[in-house]
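# Remarks on the overall topology
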Amino acid sequence: DFDGRLEEALAASAEATDVRAVADCVDPAASLQELLRYSEQQELIHWRTRTHTCNICFSEKAGTQFVQLGGCDHAFCTECMGEMSQLHVREGSILELKCPLPDCRSEVAASMLAQVLDEPTYDRWLRLKFDQVVTSEMDDVAFCPRCEENDRSSPSLVTDPPASEEDAPIATCPHCEYMFCTKCLGVAHGKVADCISEEDRMMQVAMRRLDNAQQTLAEKRKNKRVQAGGKLYEVLSEDDPVPAVDVTGCVSQEEVGPMKEGDEIVSVSLGTKDNYKPLWTRREHGVPQLEAALASRPPLVIRFRPPAGGERDRQRKKKMLEELMTLRAIKQDSQPCPKCGVRIMRSQGCNHMRCTHCDTHFCYRCGRPIPSDNPYSHFSAQGCPTFDDSEVRRVAEEQARGGPGEDRELEELRRQFGRQEDLFAHFQAHGGNNGQRPRIARRERHANDTACPTCRQWNSRNGRLNHARCFACRTSYCHHCGKRIEGAVPRHFQGEGACPQHNTS
């Protein structure tokens, strides 16, 4: 049989004295794989010596300026893939790091990202990828909020699973031993009904940052004395200004009498400083009652105190309030993903949403997850509308006005070049009758345009680059001399008396 003859041949070659006949092949399968790897390496080396067109920017570049995606056989120029990868990593949409070709969409390899991203951006991608895998594959894992405040990622397992839907899931961070509720990320509590809102949690985070501010001993003593006694401001008539307050009960105006922005209001009383009746106190009432107390008829006595950290904390508190107001605006116009909790804002369209962080499909109306293979079955079975009434009215109003308004540049292109189907036909193989491409109207000439030497279509210059590829017939030619470029493009611009590759003006 074949195996027997192969063993005899190997044994005979091992006994041969001629070194050219000595076989080093012990495992034919391994040797075949090695040959295939060598063949792929040589094909890649040969591919890099040629010029290729990037299907993103449609520029001709050397193969050494391209990068292989890894997840598929496609390659694009390093500049385009670098910009695309940096954008998705910066915005956190790493699930969109796929092959740009619509009929492929394979996930790119980590080795490709390591080539096009700088070290900090690549490290951010690693953290986002780790978080995405953990949150999407493990339902009983949450990230410690205290560690995230210190820019550290610490996944924590649920140590106390809830016995019922009313009980809150509790986790303990293995790094800082902080116990927290994985549902609201607040301090551990027993019931889901006790979960704090996202706005309250952000306020607690900001307050902890204020408390951890570095102060000198003298600053601490001075602020302690001021806070212990507080200061008074009397509103004796309708002409005296009344301070406006923010969500924390602090002054939100730059200066009102002796009060400054960020000062904390302790109490509001009716009367004068010698004879008054308390209307509101910080210990017993909330901020909504404070606004009602300040709206009372004078005379009023307002007791206030500066921030604990002085002017430094006044600025920190101002920044904190800006963050809280931003969070409140986002909360009003967004919906959290039911799996990872990332907030998603819908600009327009239907209620079917897809989270770009964990790839979860959910309904924007009720917030519930929906099947990814048939997402619109939710809207027919669960009673949620595919489109909200406001969206239906918006579309109807736009149609009544004659559409959403066509892009002027697109309309100009349509006027000059005709139908889009004819445009695409020019980028395909020869077609039509007798192998001829369909003809289109000649484009109007603009400044710095040059005519293609083959079809005489006007083509715009790409910056100062003198190499051009006709949009209609795909002829490669030189803007400087107007002649066709045959063979490798760089050779046309090399040597004595050659055309400059870039225009100087």
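Rules of the game
Along each chain, residue indices are assigned from 1 in the same order as the chain's sequence is written. Whole-chain, interface and lining totals are the exception, using all residues; otherwise, since this is a predicted model, local features are given only for residues with pLDDT of at least 70 and side-chain atom pairs are given and counted only at 80 or more. Hydrogens are left out, water is left out, and the side-chain values use all remaining heavy atoms of the structure. Helix and strand assignments follow DSSP, with helices taken as H or I runs no shorter than four residues and strands as E runs no shorter than two, numbered in order from the N terminus. Here the term buried applies to any residue with accessible area under 20% of the maximum for its type, exposed to any over 50%, and partly exposed to those in between, with areas from a 1.4 Å probe on protein chains only. The contact criterion used throughout is that any non-hydrogen atoms of two residues lie within 4.5 Å. In these tables, accessible area is a Shrake-Rupley quantity obtained with a 1.4 Å probe, and a residue counts as shielded only by the protein chains included in the view. Here a patch means residues that are over 30% exposed by relative accessible area and free of salt bridges, tied together within 9 Å if like-charged and within 5 Å if nonpolar (Val, Leu, Ile, Met, Phe, Trp, Tyr). The term salt bridge refers to a side-chain nitrogen of Lys or Arg lying within 4 Å of a carboxyl oxygen of Asp or Glu. Whether two aromatic rings pair depends on their centres lying within 6.5 Å, for rings of Phe, Tyr and Trp, where Trp uses its six-membered ring; planes under 30 degrees apart make the pair stacked, over 60 edge-to-face, and the rest tilted. Criterion for a charge above a ring: Lys NZ or Arg CZ within 6 Å of the ring centre, and within 35 degrees of the ring normal. The rule for pairing is simple: two strands pair if DSSP sees at least two bridges between them. Here an angle of 0 to 180 degrees is reported between the N-to-C directions of two axes, which are lines fitted to C-alpha atoms, with helices fitted over the stretch in contact. Across the chain, each position has a pLDDT score giving the predictor's confidence in that residue, from 0 to 100.

### Topic: the overall build of the chain
Helix and strand counts for the chain come out as 15 helices and 22 strands. Across the 505 residues that make up the chain, the buried fraction comes to 33%. For the chain, contacts bridging at least 24 residues in sequence account for 44% of all contacts bridging at least 6. Carbon and sulfur atoms make up 49% of the accessible area of the chain, which totals about 32,400 Å².

### So, a nonpolar patch on the surface
Among the surface-exposed residues, Leu32, Leu35 and Leu36 lie close enough to one another that they form a single nonpolar patch of about 310 Å² accessible area. The topology assignment puts leucine 32 in helix α2 (residues 28-48).

### Regarding the packing of aromatic side chains
Across all of its chains, the model carries 5 aromatic pairs by this definition. Between the aromatic rings of tryptophan 47 and phenylalanine 66, the centroid separation amounts to 5.7 Å while the plane-to-plane angle is 90 degrees, which identifies the pairing as edge-to-face. Of this pair, tryptophan 47 sits in helix α2 while phenylalanine 66 sits in strand β3 (residues 66-68), and the two are 19 residues apart along the sequence. Accessibility expressed as a relative area gives 7% for phenylalanine 66, which makes it buried. Cation over ring: arginine 146 sits above tyrosine 178, and NZ or CZ is 4.3 Å from the ring centre.

### Structural notes on the sheet that holds strand β9 (residues 231-235)
The strand order across the open sheet built from 4 strands is β9-β14-β12-β13, with neighbouring strands paired in antiparallel fashion. Two strands bound the open sheet, and with one partner strand each, they are β9 and β13 (276-281). Taken over all neighbouring pairs, the strand axes of this sheet differ in orientation by 25 degrees on average, direction set aside. Here β9 runs beside strand β14 (residues 300-305); their pairing, made up of 5 bridges, is antiparallel. When the sheet's bridge partners are listed, valine 235 is paired in β14 with leucine 300. Of the strands in this sheet, β12 (264-271), β13 and β14 are in contact with helix α9 (residues 287-294), which crosses β12 at around 40 degrees.

### Examining the confidence of the model for the chain
Per-residue confidence for the chain averages 77 on the pLDDT scale, and 76% of its residues sit at or above 70. Within the chain, the lowest mean pLDDT, 51, falls on helix α14 (residues 420-425), and the highest, 91, falls on strand β4 (residues 75-77). Long-range and interchain partners of residues 427-438, a stretch whose pLDDT sits below 50, account for 14 contacts in this model, where long-range means more than four residues apart.

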